[in-house]
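# Descriptive structure summary
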Amino acid sequence: MSTPTVAIIGAGMSGLAAAVELERAGVTDYVIFDKAPEVGGVWRANTYPGAACDVPSYLYSFSFAQRRDWTRPCSPQDEIQRYMAGVADRFGLTPKLRLSTEITKATWDEQRLRWVLDIAGGETFEADILVPACGQLSVPVTPNLPGRETFTGTQFHSAEWNHEHNLRGERVSVIGTGASAVQFIPPVAEQAAHVDVFQRTPAWMLPRRNNAYAGWARAAIRGVPGLQRLRRMSMLATMETFIFALRGAKPVKRAFQAWSSAYLRMKVRDPELRAKLTPDYAFGCKRILFSSAYYEALQRPNVDLLTDAVTEITPTGVRTADGAEHPADTIIWGTGFAAHAFVAPMEVAGRGGRLLADAWDGGARAHLGMTVPGFPNMVLMYGPNTNLGVGSILVMIEAQARYLAQYARRLDGRALDVRADVAGASDEAMQAELRESVWTQCETWYKDDDGRVVNNWPGYMRAYLRATKSLEPAEYETLTPAPAEPEVVTA
Ligand code: NAP
């Protein structure tokens, strides 16, 4: 059996998981490309103050690389990135990394059944399998507000934090109040003289206590057999219960929503501020946020929460719809990511030269979030409809990595192209579920401009594990290489 060459694009969580499972399956001829100089993906890029996971690390870590010495439940960014570099070393991936190397285009060669990758700078690389592992939240977005370029102060996006710039004593404007902003606003408010927080939509919030583990707790995790596994399993069960609530289990959903409302009432006594922070949409529609510091930060004397729409950036500040100008030395954009492109800015051309961007014109879609008709031997990691409203994305990513390993072992010099009817039927069934989901009930990054939920998986994590457990050969068309041209013999 010939083993394929695999090109993994991205050295974040999903790229590393893909490589580990390939190694385990004996597919050792692979390269992990990343345009960044280090592994880590979003955990390398997002270095804003307060950056941390909000799913406990014993679940937000690979099942095959469990650690018993996390310092606190929700680890800070640098600890997660060190963990990822450790995984790369421990599983022998480091020699397979090609960092600071950007793949600009991947083109399917139909004759030779190979992907030809263009590397920025002019080089090319060929592989049998293309694994885009580019993340859903890797391209930062700054809204195109009028006057943005005229601002004479400092401005940066939360995912491109300017650590050279000192915020101490400054007037800072923060635009956006999503998962990133609620993490960086508390530490920024401790440094800045004044912070204006511009909120477009309030979020449902739950507390996230994150004290460092006591010595006895760390000792128990290290010493008591099975305890680590037990807490991982119980957190997984808690997350599935959240999903149960989001899927419409009314009493459970009401209980979570009541918890969130009670938390707001307890933390914010001022009725005017509380009204501004009260969501008017279904619980769970937007990403639920977890913070035990955000409401406190908003009530500091140096912080104002503003809810008039931002209409313009002026040379010296931010103008809102009421006409007021709010002076700022620095603007921090906590405005999220281009979450619907999946492989951008890389261009992918499949059978007949068709671009993936064109195939996804009506919204990104992939069979099981991984394979797309007309793009043989391309297996997406963390592709369309594999994100979770709540849960650990690593559970999904590991399932994809195991599927990829099966895929790679099955090829033996051939190529697999998912059948269009199979992909169409699975997409339709999933979209039917998603049309009934909570995510259609408000504006959220989970939906594209046409209102199609393109990011999220509709069900439980365990349902995805079942769906992806074994690759069904009948779902794929098998392609064989074109016969070699007969040699012309001249007398
Ligand atoms: P986000 O959730 O997309 O939030 C963007 C924020 O910017 C929203 O409050 C949005 O308001 C606001 N916004 C966008 N355009 C605006 C405009 N023109 N004017 C005013 N406000 C505007 O982005 P994010 O906070 O970076 O988080 C993205 C995702 O990353 C999260 O949902 C989560 O999945 C992940 N994340 C996870 C963690 C973690 O702890 N694990 C931490 C950070 C991020 P609207 O709500 O009105 O659109």
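Presented here is a report on the structure given in the accompanying data block.

Conventions used here
Residues numbered from 1 in each chain as written. Predicted model: local features only at pLDDT ≥ 70, side-chain atom pairs only at ≥ 80, totals over all residues. Heavy atoms only, no water. Helix = DSSP H or I, 4+ residues; strand = E, 2+ residues; numbered from the N terminus. Buried < 20%, exposed > 50% of the residue type's maximum accessible area, 1.4 Å probe, protein only. Lys, Arg positive; Asp, Glu negative; His and termini not counted. Charge placed at Lys NZ, Arg CZ, Asp CG, Glu CD. Pairing = 2+ DSSP bridges. Axes fitted to C-alpha atoms, helices over the stretch in contact; angles between N-to-C directions. Near = heavy atom within 4 Å. Polar contact = N/O pair within 3.5 Å; in protein donor to acceptor, adjacent residues only side chain to side chain. Areas by Shrake-Rupley, 256 points an atom, 1.4 Å probe, with all protein chains shown as cover. Nonpolar A, V, L, I, M, F, W, Y, C, P; charged D, E, K, R; others polar. Parallel < 35°, antiparallel > 145°, perpendicular 65-115°, else oblique. Left-handed = near helix turned anticlockwise from the far one by under 90°. Contact = heavy atoms within 4.5 Å.

## Description of the overall build of the protein
Counting secondary structure elements, the protein contains 13 helices and 20 strands. For the protein, the C-alpha atoms occupy an extent of roughly 95 × 60 × 45 Å along the three principal directions. Here the protein holds 491 residues, and the buried ones make up 53% of them. Between the mean site of the 51 positive side-chain charges and the mean site of the 54 negative ones, the protein shows a separation of 10 Å.

## Details of the sheet that holds strand β13 (residues 303-306)
Strands sit in the order β8-β17-β9-β10-β13 across an open sheet of five strands; the sheet is parallel. Two strands close off the open sheet at either side, each with one partner strand: β8 (154-157) and β13. Looking at each pair of strands side by side, their axes are set apart by 15° on average, direction ignored. The pairing of strand β10 (residues 194-198) with β13 spans four bridges and is parallel. Directly across from V197, in β13, lies its bridge partner L305.

## Topic: the site of the ligand
Surrounding the ligand, one finds 22 residues, the nearest of these being S180, R200, T201, K286 and W445. At a separation of 2.7 Å, an oxygen atom of the ligand approaches a polar side-chain atom of S180. At 3.4 Å, a side-chain N or O of R287 approaches an oxygen atom of the ligand. Computed on the free molecule, the ligand has an accessible area of 910 Å², of which 83% lies beneath the protein chains in the complex. The leading source of residues in the shell around the ligand is helix α4 (residues 179-191), at three residues. Residues that form the shell around the ligand fall into these classes: nine nonpolar, nine polar and four charged.

## Re the packing of helix α1 (residues 13-24) against helix α3 (residues 77-90)
Look at α1 against α3: their axes get within 10 Å of each other, and the N-to-C directions meet at 20°. Classified by the angle between their axes, α1 and α3 sit roughly parallel to one another. As for how α1 packs across α3, the hand of that crossing is left-handed. Residues M13, L16 and V20 of α1 form the contact with α3, whose own contacting residues are I80, M84, V87 and A88. A per-class count over the contact of α1 with α3 returns seven nonpolar, no polar and no charged.

The analysis is restricted to geometry; functional conclusions fall outside its scope.
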